[in-house]
Amino acid sequence: MGEKIAIIGLGMIGYELVKKYNDLGFEVHGITRSDKGFFDGYKNINKHFIDITNENKIKETIVDINPDFVINTAAITNVDLCETEREIAYKTNALAAKYIGEACKKLNIPLCHISTDYVFDGEKGNYVEDDEINPINYYGWTKAEGEKVLNELNHDLTSIVRISVPYCISPVKVNFFMWVLNTLKEGKEVNTVIDQWNTPTYVPELMDGIVKIYERDVNGVLHFGGGEKVSRYEFTLKVAEIFGLDKSLIKPIRSSELGWKANRPADTSLISEKSEKLLDIKLKKVDECLNELKKII
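Residues numbered from 1 in each chain as written. Predicted model: local features only at pLDDT ≥ 70, side-chain atom pairs only at ≥ 80, totals over all residues. Heavy atoms only, no water.

**A closer look at the overall build of the chain**
Quick reminder of the rule: Only DSSP runs of H or I with at least four residues qualify as helices, and only runs of E with at least two residues qualify as strands; both kinds are numbered from the N terminus onward. C-alpha atoms define the radius of gyration in this analysis, and the globule rule sets the expected value at 2.2 Å times the number of residues to the power 0.38. Contact between two residues is taken to exist if any of their heavy atoms lie within 4.5 Å; hydrogens are not considered. The method behind every accessible area is Shrake-Rupley, applied with a 1.4 Å probe, and residues are considered shielded solely by the protein chains displayed. Note that His is not counted, nor are the chain ends; the positive residues are Lys and Arg, and the negative ones are Asp and Glu. Charge coordinates come from a single atom per side chain, which is NZ of Lys, CZ of Arg, CG of Asp or CD of Glu.
Secondary structure summary: the chain contains ten helices and eleven strands in total. Relative to the globule expectation of 19 Å for 297 residues, the C-alpha radius of gyration of the chain, 19 Å, shows essentially globular dimensions. Each principal axis of the C-alpha distribution contributes one length, and for the chain these read about 55 × 40 × 35 Å. Contacts spanning at least 24 positions in sequence make up 76% of the contacts within the chain whose residues lie at least 6 apart. A total accessible area of about 13,300 Å² is found for the chain, and carbon and sulfur atoms account for 45% of it. Between the averaged position of the 38 positive side-chain charges in the chain and that of its 46 negative side-chain charges there is a distance of 2 Å.

Structure below.
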């Protein structure tokens, strides 16, 4: 067997990474709390069932695997849940990142940590990597703390990749794209906000980007949004148009009408020019990505 990779967290991003690296011939180690059977039938996947907030367990597991590359995708991403379940959100999104970073530094192996556009307050949009972070909800704060503890480790082989509203066809998680598509197909109304803007991350592009981060020894903070800035409402309209669904079902509303527990930043669009240059890629616009998904479904 060739190189070994440890993928921590087998949610939507982790699942796609396991498939990607399995296809590339890596010895894949998936670290997660429980097995939902998503990888039955895959030959070269080793599963490790642990609680990543247990410092000794996660460090011992990484040392035992002794991988060539570690990718941490594990996080509690439910923004409202983080407001109420603060202890587990902090342990998962911040402390676990510290434990993982310390193990990688000890072994002198590269770590790619997935972060979020929600580390920004959304006041200006079009954020670059050096812009000051200022989260306005607890989820964003825990992810910002995760970035902070990794930066304080001074492990030169660390990359922090901020993504924004990731979407793809996933058996693991109903992301925003899938929710919109399925709801419209059922002939039901979709309420989408007109006052939130993002650069949605197309997961297949993210997979290719992470592969190149390892191949090219790219480190530091990287933004990996999408090729264009859209509101949630505009994104929803594009889904309806490309998949031939009824646009009249789409109802524009404001964030204040939804009764969320946590504040949402208005504009967390990411400028990803650094990633495009270092990884030699050109991020596609939403229409092109949705047309690719249409061919798959």
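Next comes the rest of the account.
**Describing a nonpolar patch on the surface**
Where we set the bar: Patch membership needs two things, relative accessible area over 30% and no salt bridge, and members are linked within 9 Å if like-charged or within 5 Å if nonpolar (Val, Leu, Ile, Met, Phe, Trp, Tyr). Whenever a carboxyl oxygen of Asp or Glu lies within 4 Å of a side-chain nitrogen of Lys or Arg, that contact is scored as a salt bridge.
Residues Ile169, Ile296 and Ile297 make up a contiguous nonpolar surface patch of about 280 Å² in total accessible area. Along the chain, Ile296 turns up in helix α10 (residues 286-296).

**Considerations on the nonpolar core**
As a reminder, the rule being used: Buried residues of nine kinds, namely Ala, Val, Leu, Ile, Met, Phe, Trp, Tyr and Cys, make up a nonpolar core once their side-chain atoms join them within 4.5 Å. Residue exposure (1.4 Å probe, protein chains only): buried if accessible area is under 20% of the type maximum, exposed if over 50%, otherwise partly exposed.
One finds Tyr21 and Ile210 to be the most contacted residues of the largest nonpolar core, which totals 30 residues. If you list the elements that add at least two residues to this core, you get β1 (4-8), α1 (12-23), β4 (69-72), β5 (111-116), β6 (158-163) and α7 (203-215). A total of seven residues in this core trace back to one element, the largest contributor, which is α7. Non-local contacts of Ile210, meaning those with residues more than four positions away in its chain, are made with Leu17, Tyr21, Phe69, Ile71, Cys112 and Ile114.

**Looking at the side chain of Thr268**
Going by this rule: A 3.5 Å cut-off defines polar contacts: any pair of N or O atoms within that distance qualifies, except that in protein one atom must be a possible hydrogen donor and the other a possible acceptor, and neighbouring residues in sequence count only when both atoms are side-chain atoms.
Within the element layout of this structure, Thr268 appears in the loop between β11 (250-253) and α9 (273-279). Given a relative accessible area of 0%, Thr268 falls into the buried group. In terms of polar contacts, Thr268 uses its side chain to reach the side chain of Asn198, at 3.1 Å. Excluding residues within four positions of it along the chain, Thr268 makes contact with Asp117, Tyr118, Phe120, Gly122, Tyr127, Trp197 and Asn198.

**Quick word on the sheet that holds β6**
Using the following cut-off: Should DSSP find at least two bridges between two strands, the strands are regarded as paired. For helices, the fitted axis covers only the stretch in contact; all axes are lines through C-alpha atoms, and the angles between them, taken along N-to-C directions, range from 0 to 180 degrees.
The parallel open sheet is built from seven strands, whose spatial order is β3-β2-β1-β4-β5-β6-β9. The sheet is open, and its two edges are formed by β3 (45-49) and β9 (220-223), each paired on a single side. If you compare each strand with its neighbour and ignore which way they point, the axes differ by 20 degrees on average.

**Describing the pattern of salt bridges**
One pass over the structure, following the stated rule, counts 19 salt bridges. Two residues, Glu189 and Lys251, come together in a salt bridge whose shortest N-O distance is 4.0 Å. Of this pair, Glu189 sits in the loop between α6 (176-185) and β7 (190-193) while Lys251 is found in strand β11, placing the two residues 62 residues apart along the sequence. For Lys251, a relative accessible area of 30% corresponds to the partly exposed category. One salt bridge in this structure joins Asp267 and Lys229, with 2.5 Å as the shortest N-O distance.

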